[in-house]
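A structural walkthrough
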Amino acid sequence: MHLHLTLLPIVAVVFSPAALGQGGVVLEAMNVTLPAGSKALLPCHSPRMVWTRDRLKDRQRVVHWDLVRSSPEYSVERILDMSPGAPQRVYNGFNKGRVSIPDSAFNDGNFSLVINAVAAADKGVYTCNLHHHYCQIHQSIQIHLNVTKSARKEKRYWDGEKSVFVVLLGKSVVLPCVNRRPLWREGLQEEQQQVAHWDFQPPGVRPDKAGRLVDLYASGERRDYGPLFGQSRMSVEEDAFTLGDFSLSISDLKAADKGLYYCHLHHHYCGLHERRIFRLTVGPPLPSDPTTAPRIFRNVVPELRTEEAEGPRVVNVILPDHRGYFVQHLGYFLATFLLLACIVVAVIMLTRRRKKRGLEYDLRRPHQGNVIDGGEIALGYTELRTRNQEPRSSEHKNNLLKESNMAKDCEMDTGKLWK
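Residues numbered from 1 in each chain as written. Predicted model: local features only at pLDDT ≥ 70, side-chain atom pairs only at ≥ 80, totals over all residues. Heavy atoms only, no water.

1. Notes on empty space enclosed by the protein
For clarity, the cut-off: Here a cavity denotes grid points, spaced 1 Å and computed from the protein atoms alone, that fit a 1.4 Å probe unable to get out, and a pocket denotes an open set having protein on both sides within 12 Å along at least 5 of 7 lines; residues with an atom within 4 Å of a point are the lining. Grid points are joined across faces, edges and corners, and a volume is the space filled by probe spheres set on the points. Asp, Glu, Lys and Arg are counted as charged, while Ala, Val, Leu, Ile, Met, Phe, Trp, Tyr, Cys and Pro are counted as nonpolar; the rest, among them Gly, fall into the polar class.
The final tally for this structure, using the stated rule, is 2 cavities of 30 Å³ or more. The space that makes up the largest cavity amounts to roughly 50 Å³. If you go around the largest cavity, the residues you meet are Leu67, Arg69, Ile79, Asn95, Arg98, Val99, Ile115, Asp122 and Tyr126. Looking at the lining of the largest cavity residue by residue, the class counts come to 5 nonpolar, 1 polar and 3 charged.

2. Brief notes about the nonpolar core
Test applied: What makes a nonpolar core is a set of buried Ala, Val, Leu, Ile, Met, Phe, Trp, Tyr and Cys residues whose side-chain atoms join them at distances within 4.5 Å. A simple rule labels every residue: compare its accessible area, found with a 1.4 Å probe on the protein chains alone, to the largest value its type can have, and call it buried under 20%, exposed over 50%, or partly exposed in between. Segments assigned H or I by DSSP are reported as helices when at least four residues long, segments assigned E as strands when at least two residues long, and all are numbered from the N terminus. Throughout, a residue-residue contact means that at least one pair of heavy atoms, one from each residue, lies within 4.5 Å.
Core analysis: the largest hydrophobic core is formed by 32 residues, its most contacted members being Trp65, Phe111, Leu113, Ile115, Tyr126 and Leu175. Mapped onto this core, the elements with two or more residues apiece are strand S4 (61–69), strand S5 (75–83), helix H3 (105–108), strand S8 (113–115), strand S9 (124–132), strand S10 (137–148), strand S12 (163–168) and strand S13 (173–175). Contact partners of isoleucine 115, with chain neighbours within four places excluded, come to Arg98, Val99, Asp122, Tyr126, Leu145, Lys171, Ser172, Val173 and Leu175. Within the second largest apolar cluster, 30 residues are counted, among which are Phe200, Ala218, Phe241 and Tyr261.

3. A closer look at the sheet that holds strand S3 (residues 40–42)
Heads up, the condition is: In short, DSSP must find at least two bridges between two strands for them to pair.
Ordered by their spatial adjacency, 3 strands build an open sheet running S3-S18-S17, and the pairing between neighbours is antiparallel. Edge positions in the sheet fall to S3 and strand S17 (234–235), since each of these pairs with one other strand and no more. Judged from the 3 bridges that link them, S3 and strand S18 (residues 248–250) form a sheet pairing that is antiparallel. Residue pairing in the sheet places leucine 41 in a bridge with serine 249 of S18.

4. Regarding the confidence of the model for the protein
Put simply, the rule reads: The pLDDT value tells you how sure the predictor is about a given residue, anywhere from 0 up to 100.
For the protein, mean pLDDT is 76; residues scoring 70 or higher make up 68% of the total. The low-confidence segment residues 1–21, where pLDDT is below 50, has 43 contacts with residues more than four positions distant or belonging to other chains.

5. Some words on the packing of aromatic side chains
What counts, and what does not: Aromatic rings from Phe, Tyr and Trp, taking only the six-membered ring of Trp, are treated as a pair when their centres fall within 6.5 Å; an angle between ring planes under 30 degrees marks them as stacked, one over 60 as edge-to-face, and anything in between as tilted.
Here the structure, examined in full by the defined rule, presents 4 aromatic pairs. Between phenylalanine 200 and tyrosine 261, the aromatic rings sit 4.6 Å apart at their centres with planes inclined by 35 degrees, giving tilted as the arrangement. Linking phenylalanine 200 in strand S14 (residues 194–201) with tyrosine 261 in strand S19 (residues 259–267), this pair joins segments that are 61 residues apart in sequence. A relative accessible area of 13% places phenylalanine 200 in the buried class. Ring geometry for phenylalanine 241 and phenylalanine 246: centres 5.0 Å apart, planes at 80 degrees, overall edge-to-face. Summarising the burial analysis for this pair, phenylalanine 241 and phenylalanine 246 share the class buried.

6. Some thoughts on the state of the cysteines
Which entries qualify depends on this criterion: A pair of sulfur atoms, both from cysteines and within 2.5 Å, is called a disulfide here.
One pass over the structure, following the stated rule, counts 2 disulfides. The partner cysteine of cysteine 44 in its disulfide is cysteine 263, sulfur to sulfur 2.0 Å. An S-S torsion of about -75 degrees defines the bridge between cysteine 44 and cysteine 263 as left-handed. Of this pair, cysteine 44 sits in the loop between S3 and S4 while cysteine 263 sits in strand S19; the two residues are 219 residues apart in sequence, bridging distant segments of the chain. By relative accessible area, cysteine 263 is classed as buried at 1%. With a sulfur-sulfur separation of 2.1 Å, cysteine 128 is cross-linked through a disulfide to cysteine 177. Measuring handedness by torsion sign, the sulfur bridge of cysteine 128 and cysteine 177 sits at about -70 degrees and is left-handed. In this pair, cysteine 128 is assigned in strand S9 and cysteine 177 in the loop between S13 and S14, connecting sequence segments 49 residues apart. The same class applies to cysteine 128 as to cysteine 177, namely buried.

7. Section: unusual backbone geometry
A positive phi angle, near 55 degrees, is found at alanine 117, a position not held by glycine. A relative accessible area of 41% places alanine 117 in the partly exposed class. A positive phi angle, close to 50 degrees, is found at aspartate 252, a residue other than glycine. As for its placement among the helices and strands, aspartate 252 is situated in the loop between S18 and S19.

Below, the structure is given as structure tokens:
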């Protein structure tokens, strides 16, 4: 079975006549192409549509008031909370009997906080928080309460972010928090507020003329339209609201099944409205298995070979990669060889230069002295200083000894002459 799914441009679908003529947010759009005779499954899932009856008398709706003080030290305090399945709970003993919200809050949507005998410790920022865990909705509102001792300073105003109440000390005040949406009030039957239905728009039919296929209700009610569900060619899971799976299954596809399919999910209780669009295209049926004589089967083989004759195009695309791979490695080898050759040449040149310097040094050694009169060689000052470091006093002493000996010899000779 060949399945082809392609995402459609969401923007184009949203601004199409079909999208403008029907409510809801388009979360997904797909192109589905399947051969005739196969089975199609158009996926439509939403975990927010899973319905479970609250056995604890609805503890999923909660309201609570919090107080934030900035002086003398920053602190956050829970004043009270309340849910339809439990009475309101006041956390601070000082506030019991003094602070409350109406008991009919979840009936008329009035969650205002009443404070009797306002004290100086009551000033701060109050926050009214509404949580609906089933619908995953969270709302809040802030009111800043100041306390004054002068009746002339009492006022109410908006500071650009929240309401500010300046109340006289010892007086009662009501901090408003009202939300009259059906979501927060009792008397509603959730199972009648959740609806899922599929629509079908054949080619050439206007969007407002699309036909209804099926309606599903969380209460278990089901309404089928048209003969396709009666023939069991189309089906939706019976426990769709338990699993959140509203996928449409179409078996034995035919050319008449081509068109647009819309999955609408409505949760009026939570304000959820979603849509998913599928464009189904039915192609030619798949070739059946051969049941004729072997001769016909053999005649089919050459056709497959002629189709595969175009295969060398793919090979031609791959071949340049192999050539490039060989050239790349050849380049690495040549670069390595050139680097070794440069190293060898450098070593040879350094060796020859060293030998040349040694030869010049040997040739210059006999000419380091200077020839003076009498055939004696006088060494240079530097050579005397580096090679012969014997003190000159030794030569001087030898000369003195020689002179003393010569003087003695002369005295002896003169003595002999006088005798």
